[in-house]
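Per-entry structural report
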Amino acid sequence: MGQRAKGWGFVAPALIWTLAFFIVPFIVMGAMSFATLDGRNLVWGLSFDNYAALAERRFLWRAIVVSLEITVTVTIVSVLLAYPLAWIIAFNVPPRWQRLVLLLTILPFWTSYVVRSYAWLLVLAREGVVNQTLMNIGLIAEPLTLANTRFATVTGFVHFFVMLLTLTIYANLVQLSPNYRRAAQDLGANAFQTFRHVILPLTLPGIVTGAFLTFVLCIGDYVTPQILGGNTELTVPQVIMVQLGRRADFPLAAALAIVLMGIVTLAYLAAARWLRLDRL
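Residues numbered from 1 in each chain as written. Predicted model: local features only at pLDDT ≥ 70, side-chain atom pairs only at ≥ 80, totals over all residues. Heavy atoms only, no water.

**Structural notes on the layout of surface pockets**
Unoccupied space between atoms shows up once a probe the size of one water molecule is rolled over them. Heads up, the condition is: Using only the protein atoms, space was sampled on a 1 Å grid; points where a 1.4 Å probe fits but cannot get out form cavities, open sets with protein on both sides within 12 Å along at least five of seven lines form pockets, and lining residues are those with an atom within 4 Å of a point. Grid points are joined across faces, edges and corners, and a volume is the space filled by probe spheres set on the points. A helix here means a DSSP run of H or I that spans at least four residues, while a strand means a run of E at least two residues long, and both kinds are numbered starting from the N terminus. Nonpolar residues are Ala, Val, Leu, Ile, Met, Phe, Trp, Tyr, Cys and Pro. Charged residues are Asp, Glu, Lys and Arg, and all others, Gly as well, are polar.
Here the largest pocket defines a volume of roughly 320 Å³. Around the largest pocket, the lining comprises 14 residues; the ones closest to its centre are Thr75, Val208, Ala211, Phe212 and Trp274. Of all the elements in the fold, those that place two or more residues in the lining of the largest pocket are helix 3 (58-92), helix 9 (191-219) and helix 12 (250-279). A total of six residues in the lining of the largest pocket trace back to one element, the largest contributor, which is helix 9. Residue composition of the lining of the largest pocket, grouped by class: 13 nonpolar, one polar and no charged.

As structure tokens, then:
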């Protein structure tokens, strides 16, 4: 009995924290998603009007589609860029320099998220570094519209999440024994076959974990689309902020948040199933 009480004593702070700051707010938000507005008065009830509005109002449905398109694009591009970078650090950089290279890799994390977004806004502006460079070398005659576009939003996201994915994939790569590659070579596999049939399957857990984290953080982000997207295409977090800040429509904002959490839950289940299948 004493050991059980001691165990509950260790886990109680975490349980209380989770209950107070996640479970209770989630229940309140879920209940509010079924409420309605009567003028400025909140009417609690069991109405599905807010969820029906997601299908009836085109801009709400479009926000969900835009968020998914941006998030999937960012996740795929980040994985394609992060894997070669993690490979180079793990296998081509001498071990004594790997810590320094990793330190340089995570330097963007030391800068404010808002500052990084505004920095990219300046780089991609009509008078920014990218346009000026392209004009100076003669590739374009007039500045391109790069800022306040989906391209700018994706670029800002990728800049951040490539570093996160690099760390998760690197952690998998450095744990691989060199004997795997040697055994594959002894069996007649070339470099590509070794990578495809040995290295890649063994590093899938790191890829899936990093991709899931990227998906979750990207689809729920408000700052980067707001600064770099220029409100040309609204994502779900932006629409939620509009409902809260301008219309005070808390029930509709809650319904959108529930839908967003549902999408994240489906992504988690897909990632977990992939990892389970990979271990079979």
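**Considerations on the pattern of salt bridges**
To keep it simple, the criterion reads: Whenever Lys or Arg places a side-chain nitrogen within 4 Å of a carboxyl oxygen from Asp or Glu, that contact is recorded as a salt bridge.
In total, this model carries three salt bridges according to the counting rule given. Across the pair Glu233 and Arg62 runs a salt bridge whose closest N-O atoms are separated by 3.5 Å. Of the two residues, Glu233 sits in the loop between helix 10 (223-228) and helix 11 (236-245) while Arg62 sits in helix 3, which places them 171 residues apart along the sequence. For the salt bridge of Glu233 with Arg150, the shortest nitrogen-to-oxygen distance reads 2.9 Å. Of this pair, Glu233 sits in the loop between helix 10 and helix 11 while Arg150 sits in helix 7 (residues 150-173), and the two are 83 residues apart along the sequence. Here the salt bridges do not stand alone but share partners, grouping Arg62, Glu69, Arg150 and Glu233 into one network.

**Section: empty space enclosed by the protein**
Taken as a whole and assessed by the stated rule, the structure comprises three cavities of 30 Å³ or more. Looking at the largest cavity, its volume works out to about 50 Å³. In terms of lining residues, the largest cavity is bounded by Ser67, Ile70, Thr71, Phe157, Cys218, Ile219, Asp221, Pro225, Thr235 and Pro237. Those elements giving two or more residues to the lining of the largest cavity turn out to be helix 3 and helix 9. Ranked by residue count, the leading element in the lining of the largest cavity is helix 3, at three residues. Broken down by class, the residue content of the lining of the largest cavity amounts to six nonpolar, three polar and one charged.

**Quick notes on helix 4 (residues 95-105)**
Counted only if it meets this: Burial classification: accessible surface area is computed with a 1.4 Å probe over protein chains only, and a residue below 20% of its type maximum counts as buried, one above 50% as exposed, and the rest as partly exposed. The arc refers to the directions leading from the helix axis to the C-beta atoms. When checking whether two residues touch, look at their non-hydrogen atoms; a contact exists if any pair is within 4.5 Å.
All buried positions along helix 4 are accounted for by Gln98, Leu102 and Thr105. For helix 4, the arc enclosing every buried residue in end-on projection is 55°, short of the 170-degree limit, so these residues lie on one face. Structural note: helix 4 exposes Arg96, Arg99 and Leu104 on the side pointing more than 90 degrees away from its buried face. In the core, the buried residues of helix 4 are packed alongside helix 3 and helix 7.

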